[in-house]
Amino acid sequence: MRTLYLLRHAKAAPGSDTVRDPDRPLSDQGRRQARRVGEYLKNQNIVHDLALSSTALRARETTEVVLTEAECAADVRYDQRIYEATRQQLLEVISEIDDGNSRVLLVGHNPGLEELIHHLTDHFVHLATATLAKIDLPVSEWTKATGHSGQLDSLVKPDEVFG
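Residues numbered from 1 in each chain as written. Predicted model: local features only at pLDDT ≥ 70, side-chain atom pairs only at ≥ 80, totals over all residues. Heavy atoms only, no water.

## Considering the overall build of the protein
In terms of regular secondary structure, the protein is built from 5 helices and 6 strands. Going from the N terminus to the C terminus, the protein shows its helices and strands as β-α-β-α-β-α-β-α-β-β-α. In terms of overall dimensions, the protein is globule-like: its C-alpha atoms have a radius of gyration of 15 Å, near the 15 Å expected for 163 residues. Seen through its C-alpha atoms, the protein measures out along the principal axes to roughly 45 × 35 × 30 Å. Evaluated residue by residue, the protein yields a buried proportion of 50% over its 163 residues. The contacts of the protein with a sequence gap of at least 6 include a subset with a gap of at least 24, amounting to 74%. Surface summary for the protein: the accessible area is close to 7700 Å², and the carbon and sulfur share equals 44%. (Helix = DSSP H or I, 4+ residues; strand = E, 2+ residues; numbered from the N terminus. Rg over C-alpha atoms; globule rule 2.2 N^0.38 Å. Buried < 20%, exposed > 50% of the residue type's maximum accessible area, 1.4 Å probe, protein only. Contact = heavy atoms within 4.5 Å. Areas by Shrake-Rupley, 256 points an atom, 1.4 Å probe, with all protein chains shown as cover.)

So this is what it looks like as C-alpha cells:
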C-alpha cells in the first residue's frame, strides 16, 4: 500500500509586473493556511517519508512551513517538473519515487493536481489553496500508480477544518 498526499500550495501574494510567477511568495493568509495544514498533520500523527515540491517559491514555502509545523523530518526534494505540470508529468514524477517511501507528500499547482486526482481516483474535486487530498494506492510499487488505481480517502480544506 502506498499513500499519496497531494497539497495545493497555500495562498500566494498577487502577481505583479516586477515579480515573475514562479517567484511569488506566500501571502500572510497563505502562511496561516500552511501552518494549519502542518498542525493538522501533527495532530493526526501523519508522518511522510518524502516530500516532493514544485520549485515555485510559494510551493517551497508551503512545504517548509507545513513540515516545520508538523514536526516532520521527511526527505524533501524540489522538482522543476512539478511547476505547471500536467497530469502525465506528475505521474512521471510519482513513478520515479523510491519504493522504500510509502507515504509521500507532493506539493504543487492546479490544474495538474486536480487532473491527477481525477485520473487516480475517478473523482472530480476542487483544490482550493492549501487543500490536502489523501489518496490510498493499493500498489506495491509507485510505477503501478496508474489510472483509477487509487481511492480518495479524504479532502481537507484549511478554512473549513482548521478554522
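## Re the pattern of salt bridges
Applying the stated rule across the entire model yields 11 salt bridges. A salt bridge links Arg103 to Asp49, with the nearest nitrogen and oxygen atoms 3.6 Å apart. Here Arg103, found in strand E4 (residues 103-108), pairs with Asp49, found in the loop between helix H1 (28-43) and strand E2 (50-53); they are 54 residues apart in sequence, far enough to count as distant. By relative accessible area, Arg103 is classed as partly exposed at 31%. Classification of Asp49 by relative accessible area gives partly exposed; the value is 24%. Residue Lys134 pairs with Asp153 through a salt bridge whose shortest N-O separation is 3.6 Å. (Salt bridge = Lys/Arg side-chain N within 4 Å of Asp/Glu carboxyl O.)

## Some remarks on the pairing of strand E3 (residues 75-78)
Relative to E3, E2 runs parallel, the two sharing 4 bridges. The residue bridging Leu52 from the neighbouring strand is Arg77, located in E3. The parallel pair E2 and E3 is bridged by helix H2 (residues 57-70), and the resulting crossover is right-handed. (Pairing = 2+ DSSP bridges. Right-handed = clockwise from strand over helix to strand, strands pointing away.)

## Notes on H2
Counted at 1.5 Å a residue, the expected span for H2 with its 14 residues is 20 Å, and the 20 Å between its end C-alpha atoms agrees. Among all positions of H2, only Arg58, Ala59, Glu61, Thr62, Thr63, Val65, Val66, Leu67 and Ala70 are buried. Among the structural elements, strand E1 (2-8), H1, E2, E3 and E4 are those in contact with the buried residues of H2. Taken from the residues just after H2, Glu71 is the one with a positive phi, measuring 55°. (Expected span 1.5 Å × (residues − 1).)

## Description of the sheet that holds strand E5 (residues 132-137)
Spatially, E3-E2-E4-E1-E5-E6 is the arrangement adopted by the 6 strands of the open sheet, whose pairing is mixed. What marks the edges here is a single partner per strand, and that holds for E3 and strand E6 (151-156). Taking the axes of each pair of neighbouring strands and ignoring which way they run, one obtains an average angle of 20° across the sheet. Against the sheet, H2 touches E1, E2, E3 and E4, its axis set at about 155° to E2. (Axes fitted to C-alpha atoms, helices over the stretch in contact; angles between N-to-C directions.)

## Examining the packing of H1 against H2
At a minimum axis distance of 7 Å, the contact between H1 and H2 shows a crossing angle of 40°. Taken as axis vectors, H1 and H2 run oblique relative to one another. Here H1 runs over H2; the crossing is right-handed. Side by side, H1 and H2 meet where Arg31, Ala34, Arg35, Val37, Gly38, Glu39, Leu41 and Lys42 of the first sit next to Glu61, Thr62, Val65, Val66, Glu69 and Ala70 of the second. (Parallel < 35°, antiparallel > 145°, perpendicular 65-115°, else oblique. Left-handed = near helix turned anticlockwise from the far one by under 90°.)

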